[in-house]
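# Coordinate analysis (summary)
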Amino acid sequence: MNITLPDGSVRVFDGPLSGEALAADIGPGLAKAAIALRIDGEMKDLKTVLDTDTTVEIVTNREESDDVLELIRHDAAHVMAEAVKELYPETQVTIGPAIENGFYYDFARDKPFTPEDLEKIEQRMHEIVDRDESIDREEWDRDEAVKFFEGQGEKYKAEIIGSIPADQPIGIYRQGEFQDLCRGPHLPSTKKLGHAFKLMKLAGAYWRGDSKNEMLQRVYGTAWRNEKELKAHLHRLEEAERRDHRKLGKEMDLFHMQEEAVGMVFWHEQGWTLYRTLENYIRHKLELADYKEVKTPQLVDRKLWEDSGHWDKFRENMYTTESEERTFALKPMNCPCHVQIFNQGITSYRDLPLRMAEFGSCHRYEPSGALHGIMRVRGFTQDDAHIFCTEDQITSETETFCELLLDIYKDFGFTEVKVKFSDRPETRAGDDAIWDKAEGSLKEAVEATGLSYTLNPGEGAFYGPKLEFVLTDAIGRDWQCGTLQVDFVLPERLKASYIGEDGAKHRPVMLHRAIFGSMERFIGILIEEYAGRFPLWLAPTQLVVATITDEADEYAREVLAKAAKLGLRGKLDLRNEKINYKVREHSLAKVPALLVAGRRESEEGTISVRRLGDKHQKVMSLDEALAQLAEEAAVPGSR
RNA sequence: GCCGCCGUAGCUCAGGGGUAGAGCACUCCCUUGGUAAGGGAGAGGUCCGGAGUUCAAAUCUCCGCGGCGGCACCA
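One structure accompanies this document, and this report is about it. (Residues numbered from 1 in each chain as written. Chains lettered and ligands numbered in written order. Predicted model: local features only at pLDDT ≥ 70, side-chain atom pairs only at ≥ 80, totals over all residues. Heavy atoms only, no water.)

### A short note on the overall build of chain A
- Helices and strands together make up the secondary structure of chain A, namely 20 helices and 35 strands.
- Seen along its three principal axes, the alpha-carbon backbone of chain A occupies a region of about 90 × 75 × 55 Å.
- A sequence separation of at least 24 residues applies to 69% of the contacts in chain A between residues at least 6 apart.
- A total accessible area of about 31400 Å² is found for chain A, and carbon and sulfur atoms account for 47% of it. (Helix = DSSP H or I, 4+ residues; strand = E, 2+ residues; numbered from the N terminus. Contact = heavy atoms within 4.5 Å. Areas by Shrake-Rupley, 256 points an atom, 1.4 Å probe, with all protein chains shown as cover.)

Below you can see the structure in the form of structure tokens.
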């Protein structure tokens, strides 16, 4: 039998042998480091018996690959389950996969785990690693396996086996006294896991991800190749905490939220300045892209929502109020209102595509558990627009939109954007023929843009399929910001029409689209992206003029006035404090430019400029310094 | 909405059945200082809300509300 190694060398053996034996045959160092095999690019147990001529790569714990991390994390989950079964035998185990940065395992148990329990479990995991238990795969008969797990009181495991397709083997991995249903692969023994893991948090999770099912207890952990990587990961988490938009929002006096208006933002002057800067920026972009801005009512009779289909599907999530014996709803979306504008008068095909934009203030009664800072709120403003167009225009409008979106994201440094394609959900409006058409044209359109995207099955809006443009926050959570949705349904339900070239009435298609998504969410993302250190054009306070002595007060006022004339947003700091104190304070407040004026500057007409993050300052002529700042502060796309 | 943890001064947090604590911030006074905290004094609290246990509750119990982490949801 010939075994070929990745370097091309061939080893000849008389009979079958395990990967472990192969590694030992090559060398003791390799045998020690070996943790798995890779055959045809696929990870296999190190103990897999090789019995035909094949090419085999021996994977070691030094390999820096996602495969290795996944293997380690999956084993960590198993070791955790073993520890839990030893400490709390009445607990049932369910599933425990590897995830990004770590792993989790879901347990079923009446008593909740406490943080102290976590410590004990982690301690026991280290012991299990030190025990160096051999991990061995067996294949069991399906009925026998079900009987075994039921006998152990493990009803979840038995249920999982029932859902494994009949043609797939039932793999059971055994380590010590612990046996778990698993596809594998796994490490050859618990010792190979090492000690670079840590249990992180406790959380609830529904069995099979369905809120109708019972809630299990999920324990999250992180696991790495070695201590150094673990430490680096923990350090990254700490860093991320410092960027949290909720923390920075408070520190930088941007906004606050309070009990009397849960899920709604109180914008303070600083935050509102940032908000307006963004709004003006994108308004200008939309004007250039031939959008027409409108404004529609926030409170609209339920009849319109019944007609649009929202009342049917989202009634529970809409705020309503009674007046004049009628029921009104705070608008959760702008689209039905935009159709009302479209429906005024008669539209010709010559008017299409018609791009109707609105900074629409919307309210949705979001589940309390969904709220998160200003990223997920109940009152928000969409940079919304609806493009009324013909079917033929869907592709070109999609391409134009994607171009605009990427151009805008680039101005904020977002160059890597995840794109998801979400198709028809289970409950939806419109028949299958319409959905076929909508999905087909969106697919064609996104292919035309050349963007790479992933499929998100069943996640579309009730009226149409959508593209989602996803950005990531400081600690790696994904947030949908931009979106483009193809809608054949609402124009039908709300009876939108235009006169075609043939003189007959036709239904337009609606493209729902947003770039920031919600102003609130996008600002949250920006705060975390920049860690509060905004580029000059976005910074609410762009500069502070600080004096060294009160002899410079008058000059400082002149400096600020000149800056204001150039459109720069500045503040004055004439306080009776030392310059060290002022420098420290404004640096901590993340003010991008500190202009220091002392007696010297006021006499010479100069200014000492200290930029945020710099260790040193630069004395320049006042006019030159201000001109430079004004140029840097220009809004992207404004020149 | 569900599970777990948490709620003390403007902020960050300590304390814990018997008079409410610190640092920073704030106010006033001294200091006019050259690039990340000059010195002194002072003011500041429904210990999230309600009920219960107790001679006595910020502290223990229960019920709310809110926050945080997940899950579910996200037109």
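### Comments concerning the nonpolar core
- Counting residues in hydrophobic clusters, the biggest one holds 61 residues, and the most contacted among them are Tyr409, Phe412 and Phe516.
- When sequence neighbours within four positions are dropped, the list of residues in contact with Tyr409 reads Phe414, Val417, Phe469, Leu471, Cys481, Gly482, Ile515 and Phe522.
- By size, the runner-up hydrophobic cluster in this structure holds 35 residues, among which are Ile35, Val68, Tyr105 and Phe178. (Core = buried A, V, L, I, M, F, W, Y, C linked by side-chain atoms within 4.5 Å. Buried < 20%, exposed > 50% of the residue type's maximum accessible area, 1.4 Å probe, protein only.)

### Focus: the protein's contact with RNA strand B
- Taken together, the neighbourhood of RNA strand B is formed by 53 residues, with Met333, Ile548, Asn576, Glu601 and Ser608 sitting nearest.
- In the model, a sugar or linking oxygen of RNA strand B is placed 3.1 Å from a nitrogen or oxygen of the Gly204 main chain.
- Within the side chain of Tyr206, a nitrogen or oxygen atom sits 2.5 Å from a base nitrogen of RNA strand B.
- Counting only elements with at least two residues in the surface near RNA strand B, the list comes to strand 14 (197-206), strand 15 (215-223), helix 8 (245-251), helix 11 (310-314), helix 18 (579-588), helix 19 (599-604) and strand 34 (606-611).
- The element best represented in the surface near RNA strand B is helix 18, accounting for 7 residues.
- Across the surface near RNA strand B, the residue classes break down as 21 nonpolar, 16 polar and 16 charged. (Near = heavy atom within 4 Å. Polar contact = N/O pair within 3.5 Å; in protein donor to acceptor, adjacent residues only side chain to side chain. Nonpolar A, V, L, I, M, F, W, Y, C, P; charged D, E, K, R; others polar.)

### Remarks on the pattern of salt bridges
- According to the stated counting rule, one finds 51 salt bridges in the structure shown.
- With a shortest N-O distance of 2.4 Å, Glu239 and Arg242 are connected by a salt bridge. Of this pair, Glu239 and Arg242 are both found in helix 7 (residues 227-243), 3 residues apart, which corresponds to roughly one turn of the helix.
- Judged by its relative accessible area of 32%, Glu239 falls in the partly exposed class.
- Shared partners join several salt bridges into a network, and the residues in it are Glu82, Glu86, Arg124, Glu127, Arg131 and Glu133. (Salt bridge = Lys/Arg side-chain N within 4 Å of Asp/Glu carboxyl O.)

### Here we look at the layout of surface pockets
- Empty space within the largest pocket amounts to approximately 1400 Å³.
- Forming the walls of the largest pocket are 40 residues, and the residues nearest its centre are Arg364, Glu366, Arg376, Lys466 and Gln480.
- Considering each element in turn, the lining of the largest pocket owes the most residues, 6 residues, to strand 27 (residues 478-487).
- Across the lining of the largest pocket, the residue classes break down as 15 nonpolar, 14 polar and 11 charged.
- Space inside the second largest pocket adds up to approximately 1000 Å³.
- In terms of lining residues, the second largest pocket is bounded by 27 residues, among which Asn101, Lys201, Leu237, Ile475 and Gly476 are the most central. (1 Å grid on protein atoms, 1.4 Å probe; cavity = no way out; pocket = protein on both sides within 12 Å on 5 of 7 lines; lining within 4 Å. Points joined across faces, edges and corners; volume = space filled by probe spheres on them.)

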